[in-house]
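Okay, here's what each chain looks like letter by letter:
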Amino acid sequence: MAKRSKVPARRSPAVPKAPKVGAGELQTLFDFLRYATSRFNAAKLVFAHGTTDPVAEAAFLICETLHLHPDQFENFATARVTNAEGKQILDLIERRIATRKPAAYLVNKVYMRGLPFYVDERTIVPRSFIGELLDSHFGGDEDGTSLLGDPEEVERVLDLCTGSGCLAILAARHFPNAAVDAVDISKDALEVAARNVADHGLDHRLTLHRGDLFKPLGGNRYDLIISNPPYVDAEGMAALPRECRAEPKIAFDGGADGLDIVRRLLDEARQHLTPQGGLLCEIGRGRDNLEAAYPNLPLLWLDTEDSEGEVFWIAAADL
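For clarity, every value in this text was computed on a predicted model and none was experimentally measured.

Cut-off values and rules
Residues numbered from 1 in each chain as written. Predicted model: local features only at pLDDT ≥ 70, side-chain atom pairs only at ≥ 80, totals over all residues. Heavy atoms only, no water. Helix = DSSP H or I, 4+ residues; strand = E, 2+ residues; numbered from the N terminus. Polar contact = N/O pair within 3.5 Å; in protein donor to acceptor, adjacent residues only side chain to side chain. Phe/Tyr/Trp six-rings, centres within 6.5 Å; stacked < 30°, edge-to-face > 60°. Buried < 20%, exposed > 50% of the residue type's maximum accessible area, 1.4 Å probe, protein only. Axes fitted to C-alpha atoms, helices over the stretch in contact; angles between N-to-C directions. Parallel < 35°, antiparallel > 145°, perpendicular 65-115°, else oblique. Left-handed = near helix turned anticlockwise from the far one by under 90°. Contact = heavy atoms within 4.5 Å. Nonpolar A, V, L, I, M, F, W, Y, C, P; charged D, E, K, R; others polar.

> How do you make sense of the side chain of Thr51 when you look at a structure like this?
Mapping Thr51 onto the fold places it in the loop between helix H1 (29-43) and helix H2 (54-65). One polar contact links Thr51 to Glu57, side chain to side chain, over a distance of 2.5 Å.

> I would appreciate a short explanation of the packing of aromatic side chains in the present structure.
Each pair of aromatic rings is reported with the distance of its centres and the angle of its planes. Tallied over the entire structure, the rule returns 6 aromatic pairs. Between the aromatic rings of Phe30 and Phe73, the centroid separation amounts to 6.0 Å while the plane-to-plane angle is 75°, which identifies the pairing as edge-to-face. Note that Phe30 is positioned in helix H1 and Phe73 in the loop between H2 and helix H3 (83-99), a separation of 43 residues in sequence. Under the relative-accessibility criterion, Phe30 is labelled partly exposed at 45%. When its relative accessible area of 7% is taken as the criterion, Phe73 is described as buried. Residues Trp301 and Phe312 carry aromatic rings whose centres are separated by 5.7 Å and whose planes lie at 70° to one another, so their mutual orientation is edge-to-face. Separated by 11 residues along the polypeptide, Trp301 in strand S8 (residues 300-304) and Phe312 in strand S9 (residues 307-315) bring together distant segments of the chain.

> Help me out: how do you make sense of the packing of helix H5 (residues 130-137) against helix H6 (residues 166-174) in this one?
Two quantities define a packed helix pair, namely the angle between the axes and the distance from one axis to the other. At a minimum axis separation of 9 Å, H5 and H6 run at an interaxial angle of 15°. In terms of axis orientation, H5 runs roughly parallel to H6. H6 is crossed by H5, and the crossing has right-handed handedness. On the side of H5, the interface is formed by Ile130, Gly131, Leu134 and Asp135, while H6 contributes Leu167, Leu170, Ala171 and His174. Tallied by class, the residues present in the contact of H5 with H6 amount to 5 nonpolar, 2 polar and 1 charged.

Printed below as a string of structure tokens:
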């Protein structure tokens, strides 16, 4: 095993001291949004866990404190908060800065496609593009753009490396007649997934399996396999920000080039797909490495509103 060069220890950035906020200085949701955004900018936080910028993260934390859906922020933006609510918001802002934990861990919640999911440190904070792609590329086939045809005719779906189960749940909702299997190697992650499956009332057709990729599934075949596997390469692992280091390492580490799990998916998926099925897989910034490793594989790269070339599709017949 080749030795890796030792990465110098990185010093954590100094935490800006929280300014004293006088009673009545911050009154409306907008006031707290501006204040939180300024604090997050000064602290140089990293945003990659359900929100992508300090404004969105501030709005998320404010809404969670006030028991509002994020979509309701604008409706109440000019409403005043009580002194007790204001203290809770300020405490949460400072906890986010002091701990550098993802905001989702602080409130045990994340939203995907507008739906709430429970999350804690036992699993990675979900932030996949696959949910959007299910809506944009797997709809009705009237215009010929669906990669699988009619969603109501999809019978079996598999989510590998399911983590908190969010993608499996989104898939179960999108394909209303499908039986969904979801696999993860982590017992802790599956405990979180089980809670989410129950919260969304899908115990009757979403089954969780503990194991290494396809091993617990026997000879089962699926119309669709989706996966957001570990895909961070060695260089990326060494440079992970502090927020990401609060998450399970196993959910990130994809080996030297980031493709350890992806290679196995491509090599084994055909044995578990129906003839008209396919594999939808997210690999982050690994496109160049993947195309170099599989130059003759006809991968279809799918873009979303916030990504380009980070998710591929390949039909069973092309594997």
